[in-house]
Amino acid sequence: MDMKKRFRLLFGIILVFSLFGLFACFSPEDASKKEKWDIKERSIENKAPDFALEDLDGNTVKLSHYTDQGVLLVFSTTWCPYCSKEIPQLKELYAKYNEKGFEILNIDIQETKEKVSAYANKHQLPYKVLLDTDGRVASMYGVRGVPTKVLINQDGTIVCVACRSIDIMLDLLFNAPT
């Protein structure tokens, strides 16, 4: 078999397998099994879904424990460089607003308690660190990457997702002078 025929045969085989893989990815059976993203249910101005996670001391922490408080959920991992880079700002916000009823819940996604505990100690995190060992809560909040921040007001309503200007939002929530 000459070189052109071998190339055509190889190209044909690759094309068939690629198309088969493409159609397998988009089969209707799989679409019904996957969790669907409903922008209306997961957008701002809706109630934040409650959850219960274990903290580093082994206590169960529920979001509903923080009624009448502003809460910032910070979804992160120990290996994420951007997560580590945000820690100084989060510490400042926590120090400034915690006495006014603000809480930060750092939700670590799919890592061991030992690894997360060592990370929290190394960075001297003053706020609660929760373990989302199976990624269920991150999925519930539609987290697609870390860090992801979700700000929840005192009424339990999501104010912003992937917030950039947390300090401005907190000033508005707590009527603090700028």
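Details of the structure are given in the entry above.
Read on for a plain summary of the structure. (Residues numbered from 1 in each chain as written. Predicted model: local features only at pLDDT ≥ 70, side-chain atom pairs only at ≥ 80, totals over all residues. Heavy atoms only, no water.)

## Comments concerning the overall build of the chain
At step 1: Looking only at helices and strands, the chain features 7 helices and 7 strands.
At step 2: The buried share of the chain, reckoned over its 178 residues, is 38%.
At step 3: If you take every contact in the chain between residues at least 6 apart in sequence, the share linking residues at least 24 apart comes to 70%.
At step 4: For the chain, the exposed surface amounts to about 11500 Å²; the carbon and sulfur share of it is 57%. (Helix = DSSP H or I, 4+ residues; strand = E, 2+ residues; numbered from the N terminus. Buried < 20%, exposed > 50% of the residue type's maximum accessible area, 1.4 Å probe, protein only. Contact = heavy atoms within 4.5 Å. Areas by Shrake-Rupley, 256 points an atom, 1.4 Å probe, with all protein chains shown as cover.)

## Considering the state of the cysteines
At step 1: Evaluation of the coordinates by the stated rule reveals 1 disulfide.
At step 2: The residue that forms a disulfide with Cys-160 is Cys-163, at a sulfur-sulfur distance of 1.9 Å. What sets the handedness of the Cys-160 and Cys-163 disulfide is the S-S torsion sign, and at about 110° it is right-handed.
At step 3: By relative accessible area, Cys-160 is classed as buried at 12%.
At step 4: The exposure class of Cys-163 is buried, given its relative accessible area of 6%. (Disulfide = S-S within 2.5 Å.)

## So, the nonpolar core
At step 1: Counting residues in each nonpolar core, the largest one holds 25 residues, and the members touching the most others are Leu-72, Phe-102, Ile-104, Tyr-127, Leu-151 and Leu-170.
At step 2: At the level of secondary structure, the elements contributing two or more residues to this core comprise strand E3 (70-76), helix H4 (81-97), strand E4 (102-109), helix H5 (113-123), strand E5 (128-132), strand E7 (158-161) and helix H7 (166-174).
At step 3: It is H4 that provides the largest number of residues to this core, a total of 6 residues.
At step 4: The contacts of Phe-102, once residues within four sequence positions are left out, are Gln-69, Gly-70, Val-71, Leu-72, Leu-93, Tyr-94, Tyr-97, Leu-151, Leu-170 and Phe-174.
At step 5: Counting 20 residues, the second-largest nonpolar core is a separate cluster that includes Val-61, Val-137, Val-150 and Ile-152. (Core = buried A, V, L, I, M, F, W, Y, C linked by side-chain atoms within 4.5 Å.)

## Quick notes on the packing of H4 against H7
At step 1: Two numbers describe how H4 lies on H7: the axes approach to 11 Å, and their chain directions differ by 10°. It follows that H4 is roughly parallel to H7 by the angle criterion. In this structure, H4 contributes Leu-93, Lys-96 and Tyr-97 to the contact, and H7 contributes Ile-166, Asp-167, Leu-170, Asp-171 and Phe-174.
At step 2: Of the residues belonging to the contact of H4 with H7, the class tally is 5 nonpolar, no polar and 3 charged. (Axes fitted to C-alpha atoms, helices over the stretch in contact; angles between N-to-C directions. Parallel < 35°, antiparallel > 145°, perpendicular 65-115°, else oblique. Nonpolar A, V, L, I, M, F, W, Y, C, P; charged D, E, K, R; others polar.)

## Things to note about the packing of aromatic side chains
At step 1: In this structure the tally under the stated criterion is 6 aromatic pairs.
At step 2: Consider the rings of Phe-75 and Tyr-141, whose centres lie 5.8 Å apart with planes at 45°: the pair is tilted. Taken together, the residues Phe-75 in strand E3 and Tyr-141 in the loop between helix H6 (136-140) and strand E6 (148-152) connect sequence positions 66 residues apart.
At step 3: Residue classification places Tyr-141 among the buried residues on the basis of a relative accessible area of 8%.
At step 4: Between Tyr-94 and Tyr-127, the aromatic rings sit 5.9 Å apart at their centres with planes inclined by 65°, giving edge-to-face as the arrangement. Of this pair, Tyr-94 sits in helix H4 while Tyr-127 is found in the loop between H5 and E5, placing the two residues 33 residues apart along the sequence. When sorted by exposure, Tyr-94 lands in the same class as Tyr-127, which is buried.
At step 5: Grouped by ring-pair contacts, the aromatic residues Phe-51, Phe-75 and Tyr-141 constitute a single cluster. (Phe/Tyr/Trp six-rings, centres within 6.5 Å; stacked < 30°, edge-to-face > 60°.)

## Thoughts on the environment of Leu-73
At step 1: Counting through the fold element by element, Leu-73 comes out in strand E3.
At step 2: Judged by relative accessible area, which is 0%, Leu-73 ranks as buried.
At step 3: When the C-alpha atoms of Leu-73 and Leu-105 are compared, they prove to be 5.0 Å apart, with 32 residues separating the residues in sequence.

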